[in-house]
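Residue strings, one per chain:
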Amino acid sequence: MNAVTGFGRPSFVATPAVEFATSRVASYIAAHDFAHPTLVMDVDAVERQFNALSDGLMTRTGRAHIHYAVKANPHPAIIERLVGLGSGFDAASRGEIELVLGQGADVDHVSFGNTIKKASDIRFAHHAGVTLFAADAEEELDKIAENAPGTRVYIRVIVDNEEADWPLSRKFGCAADKVMTLLGRARDLGLIPFGLSFHVGSQTRQARMWTGTLDQVAAIWHRANEAGFGLQLLNIGGGFPAFYGEDIQHPTSYAAEVMGLIADRFGDVPQIMAEPGRSMVADCGAIAAEVILVSKKSEDDLHRWVYLDIGKFSGLAETMDEAIRYQFVTSRDGDETGACVLAGPSCDSADVLYEKRPIQLPVTLRAGDKIIIRNCGAYTTTYSSVGFNGFPPLDQIVI
Ligand SMILES: *Cc1c(COP(=O)(O)O)cnc(C)c1O
């Protein structure tokens, strides 16, 4: 259920980084007025989250280098901070490559991880000096061979990921029986078949949930090496969780446990890279929003409808299927609560955030009240439409 607490007094605390971020962000929001919904990000908290993850990824049993998944939150101040910390970057487009290089990222630590790339973007990346590309299909390898000849490629493997809250199955990757064909084709095309990648599914809450996925990928890894490919790189993708109300492990122990599971199954791997997106930024920011209307649809309606000035099309797309359940904080917390259907402001009936599982909000809540949506630093600004219905895109302030 949703935590309803006073400003700056979070009832759930996932990590020390979160605790600090929440209070600093919360006091900033409490002290300011916002004309539009605004994401307030604490970039120092991003640094702590990076360090916490890195500590877990650098263990006795192996070292994984972080390539931040830029799409989670591409604010230049965040990229710049991560560049300073020595992070690598997983870019999905020409625009993301330009962004990270513009902030000073070392091109040797930039990978082009989207398996669906335009030929012209591959050519751009190649000329910019990027030498590591993802693929999951013959035609993609042909494009890479033509536009970035001789480069390194890793093959993305499809995995079952029923454990994740936000699965990434089906669209990306190829089945085990195709991996060998693609590695062979890459070699025949003069590319370097460098490794394998997978994504366990976003918001995989516990490290032990990786076990089934790692078993599947390890079987393919060993088969490829028995076939003589001598793979160098295991790209373990993202999936590291943020705190949305359900218990999660501390990022360091989570990452260390994943590294242990990898060591058990893969043995010595020359290079491992991880691509956290959500866990790097989600807990480091909150959105300041406003209640526009509280109403009932009939005199005996059991639920109130609460309409906010932010919705599915202005940053909260991950409420799709009510998959990600955000936490709300209001200045009336402590008052009696009641069940609400929560909806956005646009004139689209799909713009309902939580209805199947209504949320609890104070019965005293009314139009004009400020409402904070916690742990919104990932996948919000990037999912915001440009001006649907005349509502501006989600603002962002980095403190
Ligand atoms: C989106 C994405 C990630 C980040 O996933 P999170 O679950 O947010 O950590 C990592 N790798 C790839 C290839 C992605 O597309």
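Located above this text is the structure these notes cover.
Residues numbered from 1 in each chain as written. Predicted model: local features only at pLDDT ≥ 70, side-chain atom pairs only at ≥ 80, totals over all residues. Heavy atoms only, no water.

### Some words on the overall build of the protein chain
Quick note on the threshold: Helix and strand definitions follow DSSP, with helices as H or I runs of at least four residues and strands as E runs of at least two, each counted in order from the N terminus. Atoms counted for the radius of gyration: C-alpha only. Globule rule: 2.2 Å times the number of residues to the power 0.38. To sort residues, take the accessible area from a 1.4 Å probe on protein chains only and compare it with the maximum for the residue type: under 20% means buried, over 50% means exposed, and anything in between is partly exposed. Residue contacts are defined here by distance: any two heavy atoms, one from each residue, within 4.5 Å place the two residues in contact. All accessibility values rest on the Shrake-Rupley procedure with a 1.4 Å probe; residue burial counts only the protein chains present in the view. Only four residue types enter the charge count, namely Lys and Arg as positive and Asp and Glu as negative; His and the chain termini do not. Every charge is mapped onto a representative atom, which is NZ of Lys, CZ of Arg, CG of Asp or CD of Glu.
Within the protein chain, the secondary structure is distributed over 10 helices and 17 strands. Radius of gyration (C-alpha) of the protein chain: 22 Å, near the 21 Å computed for a compact globule of 399 residues. Seen through its principal axes, the protein chain has C-alpha atoms that stretch 70 × 40 × 40 Å. In the protein chain, which comprises 399 residues, the proportion classed as buried is 56%. Taking contacts inside the protein chain between residues at least 6 apart in sequence as the whole, the part at least 24 apart equals 72%. Counting only carbon and sulfur atoms, one obtains 50% of the accessible surface of the protein chain, whose full area is about 15900 Å². Here the protein chain holds 35 positive side-chain charges and 50 negative ones, and the gap between their average locations is 1 Å.

### What to know about the packing of helix H4 (residues 94-102) against helix H5 (residues 119-128)
Keep this limit in mind: Note on geometry: axes are C-alpha line fits, over the in-contact stretch for helices, and angles between N-to-C directions span 0 to 180 degrees. Roughly parallel covers angles under 35 degrees, roughly antiparallel covers those over 145, roughly perpendicular covers 65 to 115, and oblique covers all other angles. By convention, the crossing between two helices is left-handed when the near helix turns anticlockwise from the far helix through less than a right angle, and right-handed when the turn is clockwise. Residues are grouped as follows: Ala, Val, Leu, Ile, Met, Phe, Trp, Tyr, Cys and Pro are nonpolar; Asp, Glu, Lys and Arg are charged; every other residue, Gly included, is polar.
Following both chains from N to C, one finds H4 and H5 inclined at 20°, their axes separated by 9 Å at the closest point. Relative to H5, the element H4 is oriented roughly parallel. Along this stretch, H4 crosses H5, giving a crossing that reads as left-handed. Taking contact as the criterion, the partners of Arg94, Ile97, Glu98 and Leu101 in H4 are, on H5, Asp121, Phe124, Ala125 and Ala128. Its residues assigned to classes, the contact of H4 with H5 shows 5 nonpolar, no polar and 3 charged.

### Let's talk about the packing of aromatic side chains
As a reminder, the rule being used: Any two of the Phe, Tyr and Trp rings considered here, Trp counted by its six-membered ring, make a pair once their centres fall within 6.5 Å; the pair's planes then place it as stacked at under 30 degrees, edge-to-face at over 60, or tilted in between.
A complete count under the given rule lists 11 aromatic pairs for this structure. Ring geometry for Trp221 versus Phe266: centroids 5.9 Å apart, planes at 70°, classification edge-to-face. On the criterion of sequence distance, the pair formed by Trp221 in helix H8 (residues 211-226) and Phe266 in helix H9 (residues 251-266) is long-range, its members being 45 residues apart. With a centroid separation of 5.0 Å and 75° between ring planes, the pair formed by Phe313 and Phe388 is classed as edge-to-face.

### Section: the pattern of salt bridges
The condition that has to hold: What counts as a salt bridge is simple: a side-chain nitrogen of Lys or Arg found within 4 Å of a carboxyl oxygen of Asp or Glu.
Counting across every chain of the model gives 14 salt bridges. Two residues, Asp44 and Arg24, come together in a salt bridge whose shortest N-O distance is 3.5 Å. Residue Asp44 is located in helix H2 (residues 43-57), and its partner Arg24 is located in helix H1 (residues 16-31); the two are separated by 20 residues in the primary sequence. In this structure, Glu140 engages Lys117 in a salt bridge whose closest nitrogen and oxygen atoms are separated by 3.0 Å. Of the two residues, Glu140 sits in helix H6 (residues 138-147) while Lys117 sits in the loop between strand S5 (110-112) and H5, which places them 23 residues apart along the sequence. Owing to a relative accessible area of 3%, Lys117 belongs among the buried residues under this scheme. Taken together, the salt bridges that share partners define one network made up of Arg24, Asp42, Asp44, Glu47 and Arg81.

Note that all results are geometric; they support no functional claim without further evidence.
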